[in-house]
Amino acid sequence: MLRTAYNAEDGLSEDASIRLYQRASGAGDNRTKLEVELREAFSRNDVSWRQLLCNDDFEVADIETEDEAREHARKILWEPIFGKN
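What counts and what doesn't
- Within each chain, residue numbers correspond to sequence positions counted from 1 in written order.
- Owing to the predicted nature of the model, reporting of local features is limited to residues with pLDDT of at least 70; listing and counting of side-chain atom pairs is limited to 80 or more, with chain, interface and lining totals taken over all residues.
- To obtain the side-chain values, all non-hydrogen atoms of the structure were included, while hydrogens and water were left out.
- Patch membership is restricted to residues that have no salt bridge and whose relative accessible area is over 30%. Joining uses 9 Å for like charges and 5 Å for the nonpolar side chains Val, Leu, Ile, Met, Phe, Trp and Tyr.
- Where accessible areas are quoted, they stem from the Shrake-Rupley method and a 1.4 Å probe; at the residue level, only the protein chains shown are allowed to cover.
- Basic side-chain nitrogens of Lys or Arg form a salt bridge, by our definition, when they fall within 4 Å of a carboxyl oxygen of Asp or Glu.
- The charge count treats Lys and Arg as positive and Asp and Glu as negative. His and the chain ends do not count.
- Taken as the charge location is NZ of Lys, CZ of Arg, CG of Asp or CD of Glu.
- By definition, any uninterrupted DSSP run of H or I lasting at least four residues is a helix, any uninterrupted run of E lasting at least two residues is a strand, and each is numbered from the N terminus.
- For every residue, the accessible area obtained with a 1.4 Å probe (protein chains only) is divided by the maximum for its type, and the residue is called buried under 20%, exposed over 50%, and partly exposed between those limits.
- Within this scheme, the nonpolar core is defined by two criteria: the residues are buried Ala, Val, Leu, Ile, Met, Phe, Trp, Tyr or Cys, and they are joined through side-chain atoms within 4.5 Å.
- We call two residues contacting when some pair of their heavy atoms lies within 4.5 Å.
- Pairing of aromatic side chains requires ring centres within 6.5 Å, counting the rings of Phe and Tyr and the six-membered ring of Trp. Pairs whose planes differ by under 30 degrees are stacked, by over 60 edge-to-face, and all others tilted.

(A) Seen up close, a negative patch on the surface. Together, Glu9, Asp10, Glu59, Asp62, Glu64, Glu66, Asp67, Glu68 and Glu71 give the surface a local cluster of negative charge. Considering the arrangement of structural elements, one finds Asp10 in the loop between helix H1 (2-6) and helix H2 (14-25). Owing to a relative accessible area of 47%, Asp10 belongs among the partly exposed residues under this scheme.

(B) Expanded view of the nonpolar core. Counting residues in each nonpolar core, the largest one holds 22 residues, and the members touching the most others are Leu2, Tyr6, Tyr21, Leu38, Trp49 and Leu77. At the level of secondary structure, the elements contributing two or more residues to this core comprise H1, H2, helix H3 (30-43), helix H4 (49-53) and helix H5 (66-82). Among the elements that make up this core, the one with the highest residue count is H5 (six residues). In this structure, Tyr6 is in contact with Met1, Ser17, Ile18, Tyr21, Glu59, Val60, Ile76, Leu77 and Pro80, ignoring residues within four places of it in sequence.

(C) Quick look at the environment of Arg23. Structurally, the position occupied by Arg23 is in helix H2. On the basis of relative accessible area, Arg23 is assigned to the exposed category, the value being 56%. A C-alpha to C-alpha distance of 15 Å links Arg23 and Leu12, two positions 11 residues apart in sequence.

(D) Molecular detail of the packing of aromatic side chains. Inspection of every chain in the model, using the stated rule, returns four aromatic pairs. Seen from their ring centres, Tyr6 and Tyr21 are 5.6 Å apart, and the 50° between their planes marks the pair as tilted. Of this pair, Tyr6 sits in helix H1 while Tyr21 sits in helix H2; the two residues are 15 residues apart in sequence, bridging distant segments of the chain. Here Tyr6 and Tyr21 have matching classes, each one buried. Their ring planes at 25° and their centres at 4.4 Å tell us that Phe42 and Trp49 sit as a pair that is stacked.

These values are about where atoms sit, not about what they do.
The structure is reproduced here in structure tokens:
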């Protein structure tokens, strides 16, 4: 999903990327799988959000700290699916 909806090279605005992500996540059984994956990833302390958002394969955002990267991931991945909690 990160590569598909949020890849910085595609040049989409963040709002457009979020809408694409929401549409893609609702197709078929993607939503249930995505919810499980998000809950697991956000509950773990060993996930590097910086690495997930910026790596050799794609770049969503190059963020300086792990905390800022986690917060950005929450904004673009968690909130469009679960809302703000």
